[in-house]
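Coordinate inspection notes
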Amino acid sequence: MIKNIIAILMAFTFFSTQAIATVGQTVDQIFYCGDDFAIHTDAGNWYVVLKSAVGEKKQDHFLSMAMFSMATGSKTGNFFPGDPLSNWCGNKNFLPITSFSIKTDSPK
C-alpha cells in the first residue's frame, strides 16, 4: 500500500513539475542546426525540435508557432520536454520536445 502511494506521488510530482516548468514562457530566440531547430525562452530554457522525432510537417508547424510567439510575445502552453540531450550541435542540456502549443488572448 505504501509503495503504491509513493509511486503515485512520484508520478504526480514528475508530471506537475514538467507542466509548471513549461507554461507561460515566451520564445526569444530560434537557433537552427542541420535539419533541426531549437527555441530559447525568456525563462532561460532551450528546447530542441528534432525533425527525426516529429517529421517535417510538424516541425514546420512548431517553427511557425515559435516565430509567432517571438513576434507577438504570446506565451507557451503546456509541453513536456524529454530528458536533456548530452550533445546537440555541440551544445549540452537542450530538451527535446514533440508537442508544443501557444496561448493567445481571445477577445471577450
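Structure shown above.
Figured I'd write up the structure that's included with this text. (Residues numbered from 1 in each chain as written. Predicted model: local features only at pLDDT ≥ 70, side-chain atom pairs only at ≥ 80, totals over all residues. Heavy atoms only, no water.)

Side note on the nonpolar core
- Of all hydrophobic cores here, the largest spans 16 residues; its most connected members are Ile30, Phe37, Ile39, Phe62, Ala66 and Phe100.
- Listed by contribution, the elements that provide at least two residues to this core are β1 (27-33), β2 (36-41), β3 (46-49) and α3 (56-72).
- For this core, the leading source of residues is α3, giving 4 residues.
- Of all hydrophobic cores here, the second largest spans 5 residues; its members include Ala38, Val48, Trp88 and Phe94. (Core = buried A, V, L, I, M, F, W, Y, C linked by side-chain atoms within 4.5 Å. Buried < 20%, exposed > 50% of the residue type's maximum accessible area, 1.4 Å probe, protein only. Helix = DSSP H or I, 4+ residues; strand = E, 2+ residues; numbered from the N terminus.)

Regarding the packing of aromatic side chains
- According to the stated counting rule, one finds 8 aromatic pairs in the structure shown.
- Plain terms: the ring middles of Tyr32 and Phe37 are 6.4 Å apart, the flat faces sit at 45 degrees to each other, and that makes the pair tilted.
- Overall, the relative accessible area of 2% leaves Phe37 in the buried class.
- Ring plane angle 85 degrees and centroid distance 4.9 Å describe the contact between Tyr47 and Phe79, whose orientation is recorded as edge-to-face. One end of the pair, Tyr47, is in strand β3; the other, Phe79, is in the loop between β4 (75-76) and β5 (95-96), with 32 residues separating them in the sequence. Accessibility assignment for this pair places Tyr47 and Phe79 in one class, buried.
- Through pairs of rings, three or more aromatic residues link up here, namely Phe31, Trp46, Trp88 and Phe94. (Phe/Tyr/Trp six-rings, centres within 6.5 Å; stacked < 30°, edge-to-face > 60°.)

Comments concerning α3
- With 17 residues, α3 extends 24 Å between its outermost C-alpha atoms, agreeing within 8% with the 24 Å of an ideal straight helix rising 1.5 Å per residue.
- Within the span of α3, buried status applies to Gln59, Phe62, Leu63, Met65, Ala66 and Ser69. The arc that holds the buried residues of α3, viewed along the axis, is 165 degrees, so those residues lie on one side. More than 90 degrees from the buried face of α3, the exposed residues found are Glu56, Lys57 and Ala71.
- Summarising the contacts, the buried residues of α3 are in contact with β1, β2, β3, α2 (51-54) and β6 (102-103).
- Looking at the residues trailing α3, positive phi occurs at Gly73, about 80 degrees. (Expected span 1.5 Å × (residues − 1). Arc of directions from axis to C-beta. Contact = heavy atoms within 4.5 Å.)

None of this, on its own, says anything about what the molecule does.
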